[in-house]
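# Coordinate inspection notes
This is what each chain is made of:
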Amino acid sequence: MTLLEAILLTVITASTPLLIAAIGELVAERAGVLNLGVEGMMIMGAAAGIAVAITTGSSAAGVAAAILAGMALAAIFALLVLGLATNQVAAGLALAIFGLGLSGVVGAPFVGVPREGIGKIAVPWLSEIPFLGPVLFRQDPFVYASFALVIGVAWFLGRTRAGLVLRACGESAAAAHALGFKVLRIRFLALLFGGACAGLAGAYLSLVLTPFWTSGMTSGRGWIALAIVVFASWLPWRAVAGAYLFGGVTILQLHAQGAGVPVPPQAMAALPYVITILALVLIMRARGGGSAAPAALGTPFVPDR
Amino acid sequence: MRLVLEQRAETGWALRLLSPLLAVALALVSAAVMFAALGADPLAALHAYFVLPLSDSWGLQEVAVKATPLVLISVGLAFCYRAGVWNIGAEGQFLVGALGGAWLAVATHGGAQGPWLLPAMLAAGALGGALFALIPALLRTRFGASEILTSLMLVYVAELLLDWLVRGPWRDPAGFNMPQTVTFSPAATLPLLAEGGRVNLGTPLTLLIVAAAALVAARTLKGFEIRLVGEAPRAARFAGFDAKRVTWAVFAFSGALAGLAGIMEVAGTLRQLQPGLSPGYGFTAIIVAFLGRLNPVGCLVAGVFLAVTFIGGENAQIMLRLPLDATRVFQGLLLFYVLACDTLLLYRLRLLRSAPA
């Protein structure tokens, strides 16, 4: 394996959790709901994933538990913002705080318990392609899942009737309601999908990337996923570019630290956060002030019978 | 049968007062369930959490010490949220304020220090917090970048900046390589209110600021402008109020208060810089602001309540071996309930008997 291949492999592993979480949040936001609690759902997925995987000895059970944990938190959020029409920003913050705390409580008995990570699967034939094969097709199942999610979501949002209805709920809830669509039910399903993706992304952190539990191990990835959605202008394909840009920066700063670049390691560690801010500013500049956000994003909807 | 929300024509004052109390009651019941699920006696846990911190002079002083930064930060945040400006990076502004003030204390340590030092430190802290808060304000008003994400990202940057300073240039040369600065000299330390006690001058100062902020919010044109921009941006524009200026003003104000809270924590309680100097005050203050109904006096009451949960959480960890993160779960739950109960102010829940059309 060449050095370039090795670097690309680590970039993919760093980018995959960002991509999975971002694609889930993208669907929720296209339906008009801003869920700022990605960080909380993600870390709950990480905690529930490793807790169940260690207890049952099955990685698959761990992944399932992570997805369910993410969905459960999303359901609480949905109850507040859809059922009770509360402020979405505040409810999302509450979800982030709640998830961070609950993951600490759930994960406490598992601190420092080592565990074998989920292995990689080589796709027959395709993994034999020179260069591309080992990089793209000798990966862990999560990477394949992230590819499938992007393709599936892009197809769903762009090419299906149901996807069109979901986007209508995000552009004008009142119009979608007047046409007879169940806005709240559609938004609820979109939120659940976002929660499942965030949980899955969390499972990737605790079962593959660093296969043990540490409190606060998401370290802001959920928030970066939110930024990726903005950066991607709410388009699934661009979310891939965003996630890989941020994953690449993370790996770049690790390599720079290892290579002894004469900069304090803290400055290097701050790079992904600074790049996130810069990317947000540049994308807004490139759009010239116009917003690509779904028009009804963040506004509660109360149907009048 | 199904439940629907129906808009209220107006909200009575009793309901406004009752809603946060109902939220607290619901959060307490949920906490009891959580404690039982963790294998602790719920009553003993609630006692350790909410009664013990208030039952002796040491506990009460500790509550005042912890409530001070919470109240100060949340008062600033209340102005932001009133204006519809989402500053969620108060934790970073708190840290940069602490750095700004501590810089003076470290730079003059063992040199020319005088009575000018302490006021200068407080001013530098407030200035540092305000300048750091103006970054997301600038990115918002100039480029339209979401202040939610930029202000939060800056928290991580501030944490790393603090980490670098206390491990690198500002480390105490005589500190056995520990990541901390020198212990501040008496001239750089906020005086205690009573000899041998824990409460310092920062607490009465905070009370003064709460009173002033309450006056500004309720009785001045500025307070009205902030509320109008938040609640009716179109009407505010017709009235000639500049939403960008309001964004700058509330960010600068809340950043200054968070920075002041930071330097008062360092100069009054810790007396040196160290990594992890905040147990998440900047984030808990968000909950305080909402529980306090975005009202300075409400923030005072709510800040005391959440300070109790910090100390109660430590009690419960020592006495009942409950994980410290249980406090965060309680705080998150509390914000859920506060938001849910606030819905009752705007809407009434109505049970429909007929099948939905």
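This text follows the structure it describes.
For every chain, the first residue of its written sequence is number 1, and the numbers climb from 1 along that sequence. Here chains are named by letter from A upward and ligands by number from 1 upward, in the order in which they appear as written. Predicted model: local features are reported for residues with pLDDT of at least 70 only, side-chain atom pairs are reported and counted for 80 or more only, and whole-chain, interface and lining totals are derived from all residues. Computation of side-chain values covers all heavy atoms of the structure but excludes hydrogens and water.

## Thoughts on the overall build of chain A
Inclusion rule: Put simply, DSSP H or I for four residues or longer makes a helix, DSSP E for two residues or longer makes a strand, and each gets a number counted from the N terminus. Throughout, radius of gyration means the C-alpha value; the globule benchmark is 2.2 Å times the number of residues raised to the power 0.38. We call two residues contacting when some pair of their heavy atoms lies within 4.5 Å. Surface accessibility follows the Shrake-Rupley procedure with a 1.4 Å probe radius. Residue values consider only the protein chains on display as shielding. His is not counted, nor are the chain ends; Lys and Arg add positive charge and Asp and Glu add negative charge. Positions of charges follow a simple convention, taking NZ of Lys, CZ of Arg, CG of Asp or CD of Glu.
Scanning chain A from terminus to terminus reveals 12 helices and 2 strands. Starting at the N terminus and ending at the C terminus, chain A contains elements arranged as α-α-α-α-β-α-β-α-α-α-α-α-α-α. Relative to its length of 305 residues, chain A is compact, with a C-alpha radius of gyration of 19 Å against a globular reference of 19 Å. Contacts in chain A between residues at least 24 apart in sequence constitute 76% of all its contacts with a sequence separation of at least 6. Total accessible area on chain A stands at roughly 11,900 Å², and carbon and sulfur atoms take up 72% of it. Averaging the coordinates of the 15 positive side-chain charges in chain A and doing the same for the 9 negative ones gives two points 10 Å apart.

## What to know about the pattern of salt bridges
Residues and elements named next belong to chain B. Where we set the bar: By definition here, a salt bridge exists when the distance from a side-chain nitrogen of Lys or Arg to a carboxyl oxygen of Asp or Glu is within 4 Å. Exposure is judged per residue with a 1.4 Å probe applied to protein chains only, and the accessible area is read against the type maximum: over 50% gives exposed, under 20% gives buried, and values in between give partly exposed.
The final tally for this structure, using the stated rule, is 6 salt bridges over all chains. A salt bridge links Asp 163 to Arg 167; the shortest N-O distance between them is 3.0 Å. Of the two residues, Asp 163 and Arg 167 are both situated in helix 6 (residues 147-167); the distance of 4 residues between them amounts to about one turn of the helix. The class of Arg 167 is partly exposed, set by a relative accessible area of 40%.

## Some thoughts on helix 12 (residues 296-320) of chain B
Put simply, the rule reads: Every helix has an expected span of 1.5 Å times one less than the residues it contains.
For helix 12 of chain B, which comprises 25 residues, the first-to-last C-alpha distance of 35 Å matches the rise-based estimate of 36 Å (1.5 Å per residue) to within 8%. Where helix 12 of chain B terminates, the next one or two residues include Arg 321 of chain B, which has phi positive at roughly 60 degrees.

## Focus on a nonpolar patch on the surface
Residue and element names in this part refer to chain A. Put simply, the rule is: Residues enter a patch when their relative accessible area is above 30% and they make no salt bridge; the linking distance is 9 Å between like charges and 5 Å between nonpolar side chains (Val, Leu, Ile, Met, Phe, Trp, Tyr).
A contiguous nonpolar patch, built from Leu 4, Trp 125, Leu 126, Ile 129, Phe 131 and Leu 132 and spanning about 640 Å² of accessible area, is present on the exposed surface. With respect to the helices and strands, the residue Trp 125 is situated in the loop between strand 1 (121-122) and helix 5 (132-137). Judged by relative accessible area, which is 78%, Trp 125 ranks as exposed.

## Quick word on the interface of chain B and chain A
Basically, it comes down to this: As used here, buried area is the combined drop in accessible area, with a 1.4 Å probe, of two parts when they are placed together.
In this complex, chain B contributes 40 residues to the contact, which on the side of chain A involves 44 residues. The junction of chain B with chain A conceals about 3,800 Å² of combined surface from both sides, 82% of it contributed by carbon and sulfur atoms. Looking only at chain B, the three residues that lose the most surface to chain A are Leu 149, Met 153 and Phe 336 of chain B, adding up to 18% of its buried area. Counting across the interface, chain B meets chain A through 0 salt bridges. Every element with two or more residues in the side of chain B that touches chain A is listed here: strand 1 (2-7), helix 5 (117-143), helix 6, helix 11 (281-291), helix 13 (325-346) and strand 2 (347-352) of chain B.

## Observations concerning the packing of helix 4 (residues 90-107) of chain B against helix 6 of chain B
Residue and element names in this part refer to chain B. Test applied: Each axis is a line fitted through C-alpha atoms, taken for helices only over the stretch in contact, and angles between the N-to-C directions span 0 to 180 degrees. Throughout this description, any angle smaller than 35 degrees is read as roughly parallel, any larger than 145 degrees as roughly antiparallel, any in the 65 to 115 degree range as roughly perpendicular, and the remainder as oblique. It is the rotation of the near helix from the far one that decides the hand of a crossing: anticlockwise by less than a right angle makes it left-handed, clockwise makes it right-handed. In this classification, the charged set is Asp, Glu, Lys and Arg, the nonpolar set is Ala, Val, Leu, Ile, Met, Phe, Trp, Tyr, Cys and Pro, and all remaining amino acids, among them Gly, are polar.
Close contact between helix 4 and helix 6 brings their axes to 8 Å; oriented N to C, the two are set at 30 degrees. When the axes of helix 4 and helix 6 are compared, the pair comes out roughly parallel. For the element pair helix 4 and helix 6, the recorded crossing hand is left-handed. For the pair formed by helix 4 and helix 6, the contact residues are Glu 91, Gly 92, Leu 95, Val 96 and Leu 99 on the first element and Val 155, Ala 158, Glu 159, Leu 161, Leu 162 and Leu 165 on the second. Classifying every residue of the contact of helix 4 with helix 6 gives 8 nonpolar, 1 polar and 2 charged.

## Let's talk about the side chain of Ser 278 of chain B
Residue and element names in this part refer to chain B. Selection rule: Between N or O atoms, a polar contact is any pair within 3.5 Å; within protein, one atom must be a potential hydrogen donor and the other a potential acceptor, and residues adjacent in sequence are included only when both atoms are from side chains.
Assignment of secondary structure puts Ser 278 in the loop between helix 10 (243-270) and helix 11. Looking at Ser 278, its side chain comes within polar contact range of the side chain of Glu 91, at 3.0 Å. Within the structure, the side chain of Ser 278 is placed 3.0 Å from the backbone nitrogen of Tyr 281, a separation counted as a polar contact. Among residues more than four places away in sequence, those in contact with Ser 278 are Glu 91, Phe 94 and Leu 95.

## Thoughts on unusual backbone geometry
Residues and elements named next belong to chain B. Despite not being glycine, Arg 293 shows a phi value in the positive range, around 55 degrees. Counting through the fold element by element, Arg 293 comes out in the loop between helix 11 and helix 12. Its identity as a non-glycine residue notwithstanding, Leu 294 has a phi of 55 degrees, on the positive side. Within the secondary structure, Leu 294 sits in the loop between helix 11 and helix 12.

Any link to function would need more than the numbers given here.
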